[in-house]
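Spelled out from the first residue to the last, the chains are:
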Amino acid sequence: MLRRIVCTIVQRQSAAGAAAQCIVPVARMSQYGPHFIEPIVSKAKIEELQSTGDLSKISHVPIKAALNNQNCSVFYDPLVSQFTNYVMKQGNKQLARELVEKGFENIKRLQLERYHLSESEEEKAQLELNPRKLLHLAVENCRPLLQLTPIKRGGVRYQVPVPITEKRSYFIAMKWLLEAIREKERTVHFPEKMAWEILDAAANQGKVVKRKHELHRQCEANRAYAHYRWS
């Protein structure tokens, strides 16, 4: 009787183990498969694809659903939307939009003041009055091309310079801008500090541009360890 009970328990355990081996959990980070492509919401990008004939190549490819903040309006700017998301804290996006818009208003006011104080027409022609274009220029001037990655070789950890992807470089540039804005004195409001930092970065000067140059100097100093990236 005891031997029959032991055999029954062993059979049940082996069956449960076999069933557990057959069940393989699959963790998917997205509801879309790898063959889905990103949606194109920019009219200029669509017209460019139409002119080159590439639009017919993706006409039958499944496309992901567009995000709720993406649209084809001429006023939609992906970089401004991304910068607003980085400014946002605790999901309060309305406040983040208001702060960014007030910052653009301060940039416009400062640039108009410089425009009216300019004495020659050449100085007026060189001034950019569109705050959104100034944000684009500031981010481009702050984008790093390389970064240092710690790699351990022979018990020693080396700081190895490696190139940065385009998406990562835009993220780092906007992150540095916001860190420089928030490091300023607390008595000054966020829109005013944002206007100062963006104007400095657009003129290729300021704290963030110096930080980028310092990172590039460190990468240049550690270029002897660049081969550790492949070894």
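Residues numbered from 1 in each chain as written. Predicted model: local features only at pLDDT ≥ 70, side-chain atom pairs only at ≥ 80, totals over all residues. Heavy atoms only, no water.

The name an unreviewed UniProt entry gives the protein is Small ribosomal subunit protein uS7m, with Anopheles funestus as the organism. According to UniProt, the comment filed for the protein under the heading Sequence similarities (unreviewed entry) is "Belongs to the universal ribosomal protein uS7 family." Checking UniProt for the protein, the heading Subcellular location (unreviewed entry) contains the comment "Mitochondrion". (UniProt positions renumbered as here; feature names shortened; annotations may be inferred.)

K.L.:
I'd like a description of the packing of aromatic side chains, backed by residues and values.
P.N.:
Under the definition given, this model contains five aromatic pairs. Seen in terms of ring centroids, Tyr32 and Phe36 are 5.3 Å apart; in terms of plane orientation they differ by 50°. Their pairing is tilted. Overall, the relative accessible area of 23% leaves Tyr32 in the partly exposed class. Residue Phe36 is classed as partly exposed on the basis of its relative accessible area, which comes to 25%. Between Tyr225 and Tyr228, the aromatic rings sit 6.2 Å apart at their centres with planes inclined by 15°, giving stacked as the arrangement. According to the relative accessible area criterion, Tyr225 is partly exposed, its value standing at 32%. These aromatic residues form a ring-pair network of at least three members: Tyr158, Tyr225 and Tyr228. Here the guanidinium or amino end of Lys124 rests over the ring plane of Tyr115, the centre of that ring lying 5.3 Å away. The cationic tip of Arg143 hangs over the ring face of Tyr170; the distance from NZ or CZ to the ring centre is 4.4 Å. (Phe/Tyr/Trp six-rings, centres within 6.5 Å; stacked < 30°, edge-to-face > 60°. Buried < 20%, exposed > 50% of the residue type's maximum accessible area, 1.4 Å probe, protein only. Lys NZ or Arg CZ within 6 Å of the ring centre and 35° of its normal.)

K.L.:
Pulling in residues and values, what's your account of the nonpolar core?
P.N.:
The biggest cluster of nonpolar side chains holds 34 residues, and the ones touching the most others in it are Phe83, Val139 and Met194. Going through the elements one at a time, helix H3 (78-87), helix H4 (93-117), helix H6 (131-142), helix H7 (166-183), helix H8 (190-202) and helix H9 (207-221) are the ones with two or more residues in this core. Residue contributions to this core peak at nine residues, all from H7. In terms of nonpolar packing, the next biggest core, distinct from the first, is built from five residues, Ile151, Val160, Val162 and Tyr228 among them. (Core = buried A, V, L, I, M, F, W, Y, C linked by side-chain atoms within 4.5 Å. Helix = DSSP H or I, 4+ residues; strand = E, 2+ residues; numbered from the N terminus.)

K.L.:
Please provide a residue-by-residue account of the environment of Arg157, values included.
P.N.:
Here Arg157 shows up in strand E2 (residues 156-163). Judged by its relative accessible area of 55%, Arg157 is exposed. The contacts of Arg157, once residues within four sequence positions are left out, are Pro150, Ile151 and Lys152. (Contact = heavy atoms within 4.5 Å.)

K.L.:
Can you tell me about the side chain of Asn222, naming the residues and giving the values?
P.N.:
Inspection of the secondary structure puts Asn222 in the segment after H9. Here Asn222 is in contact with Leu148, Gln159 and Pro161, once residues within four sequence places are set aside.

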